[in-house]
Amino acid sequence: MSYLDLAVQVAQEFAQAYGRSPRWIVAAPGRVNVIGEHTDYNDGFVLPMAIERYAIMAADKAANGRDVIQIRDVSGVEPVLIDVSAPVKPGMPKWGNYPRGVIAGCLARGINPGGLDVLLHSTVPLGGGLSSSAALEVCTATLLEAITGKKMDPVDKALLCQKAEHEFAGVPCGIMDQFISVMGRENHLLLLDCRSRKTELVAVNDPAVQLLIANTNVKHELANGEYASRRAQCEAASTILGVDSLRDATAGALENARSKMDDVVFRRARHVIGEIERTLHAADGIRASNWPTVGQLMYASHYSLRDDYEVSCKELDVLVEIAESIGIQGGIYGCRMTGGGFGGCAVALVKRDSVTEIKKRMASDYKTKTGIEATIFVSHPAGGATVVRGAGAI
Ligand code: GLA
């Protein structure tokens, strides 16, 4: 569903929940990372795109006139109440820590909307590795911008949202997810240099290809602790190599230092150094519409994440094996796990003509091999966060 159609639905849901029409509606997309995994916190490159799955908020000034932001979710989970007349701190329910962290950051910048009644509806699957949390953060920031008329610089906005995730949700994420949710552009991938924070839009011009997303529908518990330990291992490798970050290391220098580090640290660094290179090559391949090359880079990324970085899992590997067995003949150029890992989604570069067949075959083979139903869909590269309805538009 497009965000415009979704907005119409959310306006109705707001009216049911609060008994009047919303004055503001904003949307922020989830993302899929085409390549460049676990490189963002190593100052490397990433190549994500925003997807046609959104966190949407509809809002009006608080009916009771209090300085409290009330956020209800259409799923009926416990609502979040945030008192904006006092310092905002993490609290319960836990899902509220994403908007809380963003609101705290906005208040610190003088962006204070006062009390609000808000309804949230998200179509980004939770825990699916498609950045449902970044979408929620960026959606909250966009709502406060729309209401106060104070627009932040996009980089500043993305960093504010990342800080919310670090300090309020306790997840030491990199900058990719928030950047793409803010800066996505229709029909483009975003090549982001995570060191300089410079971005370059890479057009996907060929109507014969599409990105297909397959959700394993599993999320393994260890994800958060393992993420933090990967970051620490990368820092250990940088220290041994005498560089600020693995962005500055080369495969040759790593090989020369092999005896100075344990095998796990060596393999983590090998993944990151190789992945940064693959990402730049993939961007070139996309510019040239050289799909077989891009596909091979995606497979290579997966093997490296599976064997060296060890963030894949059986279900993701099964999806990639199915993709390989379908092959280019069956319409798949390449496939890899996407996002942090340990479950969530795989992304495949496919021929548009073959999408229906591929979806059928992937779903049935995955069910046979794992006993689990996958959720499979295609998405065009979508635009970044947007104000669908502003104060003047009603
Ligand atoms: C998660 C983080 C991102 C990035 C990816 C791995 O999605 O939020 O910052 O590190 O994992 O590429």
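Since the model is a prediction, treat every value here as computed from it, not as a measurement. (Residues numbered from 1 in each chain as written. Predicted model: local features only at pLDDT ≥ 70, side-chain atom pairs only at ≥ 80, totals over all residues. Heavy atoms only, no water.)

K.L.:
Which residues make up empty space enclosed by the protein, and what are the values?
P.N.:
Tallied over the full model, the rule gives 1 cavity of 30 Å³ or more. Taken as a whole, the largest cavity encloses approximately 50 Å³ of empty space. Considering the residues around the largest cavity, the lining is formed by Val34, Leu189, Val204, Leu211, Ile286, Trp291, Val294 and Leu349. Classifying every residue of the lining of the largest cavity gives 8 nonpolar, no polar and no charged. (1 Å grid on protein atoms, 1.4 Å probe; cavity = no way out; pocket = protein on both sides within 12 Å on 5 of 7 lines; lining within 4 Å. Points joined across faces, edges and corners; volume = space filled by probe spheres on them. Nonpolar A, V, L, I, M, F, W, Y, C, P; charged D, E, K, R; others polar.)

K.L.:
Describe the environment of aspartate 40, naming the residues involved and giving the relevant values.
P.N.:
Relative to the helices and strands, aspartate 40 is located in the loop between β1 (24–35) and β2 (45–61). Aspartate 40 has contacts with Val46, Gly174, Ile175, Met176, Cys194 and Tyr227, leaving out every residue within four places of it along the chain. Among the polar contacts listed, one links the side chain of aspartate 40 to the backbone nitrogen of isoleucine 175, at a separation of 3.2 Å. (Helix = DSSP H or I, 4+ residues; strand = E, 2+ residues; numbered from the N terminus. Contact = heavy atoms within 4.5 Å. Polar contact = N/O pair within 3.5 Å; in protein donor to acceptor, adjacent residues only side chain to side chain.)

K.L.:
I'd love a proper account of the site of the ligand, names of residues and values included.
P.N.:
Taken together, the neighbourhood of the ligand is formed by Arg31, Glu37, His38, Asp40, Tyr41, Cys173, Gly174, Met176, Asp177, Tyr227, Gly339 and Gly340. Separating an oxygen atom of the ligand from a side-chain N or O atom of aspartate 40 is a distance of 2.6 Å. Interatomic distance of 3.5 Å between a backbone N/O atom of glycine 340 and an oxygen atom of the ligand. In the complex, the protein chains occlude 91% of the 310 Å² of accessible area that the ligand would expose alone. For the ligand, the cavity whose grid points lie within 2 Å of the majority of its atoms is the largest pocket. Taken together, the residues of the shell around the ligand break down into 4 nonpolar, 4 polar and 4 charged. (Near = heavy atom within 4 Å. Areas by Shrake-Rupley, 256 points an atom, 1.4 Å probe, with all protein chains shown as cover. Sits in = over half its atoms within 2 Å of the grid points.)

K.L.:
Could you give an account of the nonpolar core, with specific residues and numbers?
P.N.:
Counting residues in each nonpolar core, the largest one holds 132 residues, and the members touching the most others are Leu47, Met57, Ile71, Leu143, Ile332 and Met362. Not counting residues up to four positions away in its chain, the partners in contact with methionine 362 are Leu212, Ala214, Leu319, Ile322, Ala323, Ile326, Ile332 and Ile376. (Core = buried A, V, L, I, M, F, W, Y, C linked by side-chain atoms within 4.5 Å. Buried < 20%, exposed > 50% of the residue type's maximum accessible area, 1.4 Å probe, protein only.)

K.L.:
Which residues make up the layout of surface pockets, and what are the values?
P.N.:
Considered as a void within the structure, the largest pocket measures approximately 1,300 Å³ in volume. The wall of the largest pocket is formed by 47 residues, among which Tyr98, Gly127, Ser132, Ser133 and Glu165 lie closest to the centre. Among the elements of the structure, α2 (97–108), β5 (116–122), α3 (132–148), α5 (176–183) and α6 (223–241) are those that each provide at least two residues to the lining of the largest pocket. Tallying contributions element by element places α3 first for the lining of the largest pocket, with 4 residues. Looking at side-chain class alone, the lining of the largest pocket contains 20 nonpolar, 18 polar and 9 charged residues. If you add up the space inside the second largest pocket, you get close to 210 Å³. What lines the second largest pocket is a set of 13 residues, among which Thr142, Glu145, Lys151, Lys157 and Ala385 lie closest to the centre. For the lining of the second largest pocket, the secondary-structure elements that each account for two or more residues are α3, α4 (154–167), α5 and β12 (386–389). Top contributing element to the lining of the second largest pocket by residue count: α3, with 3 residues. In terms of residue class, the lining of the second largest pocket is made up of 7 nonpolar, 3 polar and 3 charged.

K.L.:
Could you give an account of unusual backbone geometry, with specific residues and numbers?
P.N.:
Backbone torsion omega between methionine 92 and proline 93 reads -10 degrees, so that peptide bond is classified as cis. Take proline 93: it is sitting in the loop between β4 (80–83) and α2. Its identity is not glycine, yet serine 131 carries a phi of approximately 65 degrees, on the positive side. As for its placement among the helices and strands, serine 131 is situated in the loop between β5 and α3. Backbone geometry places serine 289, a non-glycine residue, at a positive phi of 50 degrees. Along the polypeptide, serine 289 turns up in the loop between α8 (263–287) and α9 (291–307).

K.L.:
Outline the pattern of salt bridges, supporting the account with residue identities and numerical values.
P.N.:
Where charged atoms from two side chains of opposite charge approach closely, those side chains can pair. In the structure shown here, the tally under the stated rule is 24 salt bridges. Note that aspartate 248 is salt-bridged to arginine 195, the shortest N-O span being 2.8 Å. Here aspartate 248, found in the loop between α6 and α7 (251–256), pairs with arginine 195, found in the loop between β6 (188–193) and β7 (199–203); they are 53 residues apart in sequence, far enough to count as distant. For arginine 195, a relative accessible area of 34% corresponds to the partly exposed category. Connected via shared salt-bridge partners are Glu37, Glu275, Arg278 and Arg336. (Salt bridge = Lys/Arg side-chain N within 4 Å of Asp/Glu carboxyl O.)

K.L.:
Go over the side chain of aspartate 177 with me, naming the residues and quoting the values.
P.N.:
Structurally, aspartate 177 can be placed in helix α5. A polar contact of 2.9 Å, which involves the side chain of aspartate 177, links it to the side chain of arginine 31. Not counting chain neighbours up to four residues away, the residues in contact with aspartate 177 comprise Arg31, Ser131 and Ala134.

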